[in-house]
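Single-letter residue listing:
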Amino acid sequence: MTSQEEQQQRRQPAEHDGQDRPGDGAGAVRYGDVFTVKGDLATAPVAAQDAAMMQAAESAVLGEAPRGGAAAVMQSAARRNERLGVVPRDDEATDAAAEGGVAVTEARVPGCRVITEFVADQPVGQYIAAEEEEEEEEEEDTTGGVTATAARQDGGVHGVLDGNKITIGEALEATVFSAGDQPVEASDAAAIAAAEARATGLDEAPPGGLAAQARAAADANAQAEREADKTTLRQVLANATVRLGVDKEVEREDAARVVGAEVRSDPDATARPGGVGASVAAAARLNRGRQ
């Protein structure tokens, strides 16, 4: 299997006061203790069958369950919960995992695969798996043999692109696959603004661009009464490379600015798993390995 880099947002298991009493849930390791999740899933204790389901999904997509992956974290939590007697020792999954299911999705960007793991439709981890070098056939256009990549670069690029590294626009598009169904929040808009500013080389994102649309979406979502009425990250970031107009390869400083903007704008001072900051940071790490 190809080398992987983990890009996960996790919390340390919470400390519990007092004696653990088997059967009453005291001391149980819950999803909210080890992953940044919300709602009923956050309060659900992790069961062994949940971990087994995630391990099977990881193996199906990655070829094996990675060390330190979501399945490994869930297995460790489940073993503690079984010792405490707060989850059954049989093949029964928790309600959240049984009803919402677990999934591992794959999104392809140039030179890598972005693997995102979900429990009950909430992202719990993201990995970057580098692809082996392959012969790429260049498609000629009817105007004299300009490749699709070269044509995009001729359309206006800030910085140097060598075709082997991931750009800011491509990292934003990868977010569509990992967190595209999530409604846009203020922290997402801040991260998009930072990314757009870095791509364009300006001090701040230009008016009327991706950041402006993201801010408007976040403001509208805050007032929306129904989830169905909220604008998602997919709607804002689809075709980001084209809509940016200019682009650049992701570097460490770009990732630091984007993640910092997202964290500062989040009420819990965390970055969304599989979100804009996570995708840009993962791209920067992969690009460093291609220098």
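Residues numbered from 1 in each chain as written. Predicted model: local features only at pLDDT ≥ 70, side-chain atom pairs only at ≥ 80, totals over all residues. Heavy atoms only, no water.

Observations concerning helix H12 (residues 252–264)
Consideration 1: The first and last C-alpha atoms of H12 sit 18 Å apart over 13 residues, in line with the 18 Å expected at 1.5 Å per residue.
Consideration 2: Three or more residues of H12 are buried, namely Asp254, Ala255, Val258, Gly260, Ala261 and Glu262.
Consideration 3: The elements touched by buried residues of H12 are helix H7 (168–179), helix H8 (186–200) and helix H13 (276–288). (Helix = DSSP H or I, 4+ residues; strand = E, 2+ residues; numbered from the N terminus. Expected span 1.5 Å × (residues − 1). Buried < 20%, exposed > 50% of the residue type's maximum accessible area, 1.4 Å probe, protein only. Contact = heavy atoms within 4.5 Å.)

A few points about the confidence of the model for the chain
Consideration 1: Model confidence for the chain is summarised by a mean pLDDT of 77, while 74% of its residues fall at 70 or above.
Consideration 2: Confidence drops under pLDDT 50 across residues 1–24; counting only partners more than four residues distant or on other chains, this segment forms 68 contacts.
Consideration 3: A low-confidence stretch, residues 133–161 (pLDDT under 50), is modelled with 33 contacts involving residues beyond four sequence positions or located in other chains. (pLDDT = per-residue confidence, 0-100.)

Describing the packing of helix H3 (residues 48–62) against helix H4 (residues 70–84)
Consideration 1: Remark: H3 packs on H4, axes separated minimally by 8 Å, with the N-to-C direction vectors making an angle of 165°. What the angle tells us is that H3 and H4 run roughly antiparallel. The crossing of H3 and H4 is left-handed. Note on element contacts: H4 touches H3 through Ala70, Ala71, Met74, Gln75, Ala78 and Glu82, opposite Ala48, Asp50, Ala51, Met54, Gln55 and Glu58.
Consideration 2: Here the contact of H3 with H4 is built from residues that sort into seven nonpolar, two polar and three charged. (Axes fitted to C-alpha atoms, helices over the stretch in contact; angles between N-to-C directions. Parallel < 35°, antiparallel > 145°, perpendicular 65-115°, else oblique. Left-handed = near helix turned anticlockwise from the far one by under 90°. Nonpolar A, V, L, I, M, F, W, Y, C, P; charged D, E, K, R; others polar.)

Description of the packing of H8 against helix H9 (residues 210–223)
Consideration 1: Where H8 meets H9, the closest approach of the two axes is 8 Å, and the angle between their N-to-C directions is 175°. Between H8 and H9, the crossing angle belongs to the class labelled roughly antiparallel. Between H8 and H9, the residues in contact are Ala186, Ala189, Ile192, Ala193 and Glu196 and Leu210, Ala211, Ala214, Arg215 and Ala218, respectively.

Topic: the environment of Leu244
Consideration 1: Within the secondary structure layout, Leu244 lies in helix H11 (residues 240–244).
Consideration 2: With a relative accessible area of 9%, Leu244 lands in the buried category.
Consideration 3: As for Leu244 and Gly169, which are separated by 75 residues in sequence, their C-alpha atoms are 7.0 Å apart.
Consideration 4: Residues within four places of Leu244 in sequence aside, it is in contact with Gly169, Leu172, Glu196, Ala199 and Leu210.

Structural notes on unusual backbone geometry
In most cases, non-glycine residues show a negative phi, while peptide bonds are predominantly trans.
Consideration 1: The backbone of Asp121 shows a phi angle near 70°, a positive value even though the residue is not glycine.
Consideration 2: Along the chain, Asp121 falls in the loop between strand S3 (112–119) and strand S4 (122–130).
Consideration 3: One non-glycine residue, Asn239, adopts positive backbone phi at about 60°.
Consideration 4: Counting through the fold element by element, Asn239 comes out in the loop between helix H10 (233–237) and H11.

Thoughts on the nonpolar core
Consideration 1: One finds Leu172, Ile192, Leu237 and Val276 to be the most contacted residues of the largest nonpolar core, which totals 33 residues.
Consideration 2: Going through the elements one at a time, H7, H8, H9, H10, H11, H12 and H13 are the ones with two or more residues in this core.
Consideration 3: Residue contributions to this core peak at seven residues, all from H8.
Consideration 4: Once residues lying within four places of it in the same chain are set aside, the contact partners of Val276 are Leu172, Thr175, Ala191, Ile192, Leu237, Val258 and Glu262.
Consideration 5: Membership of the second largest hydrophobic core comes to 26 residues, among which are Val37, Ala42, Ala71 and Val119. (Core = buried A, V, L, I, M, F, W, Y, C linked by side-chain atoms within 4.5 Å.)

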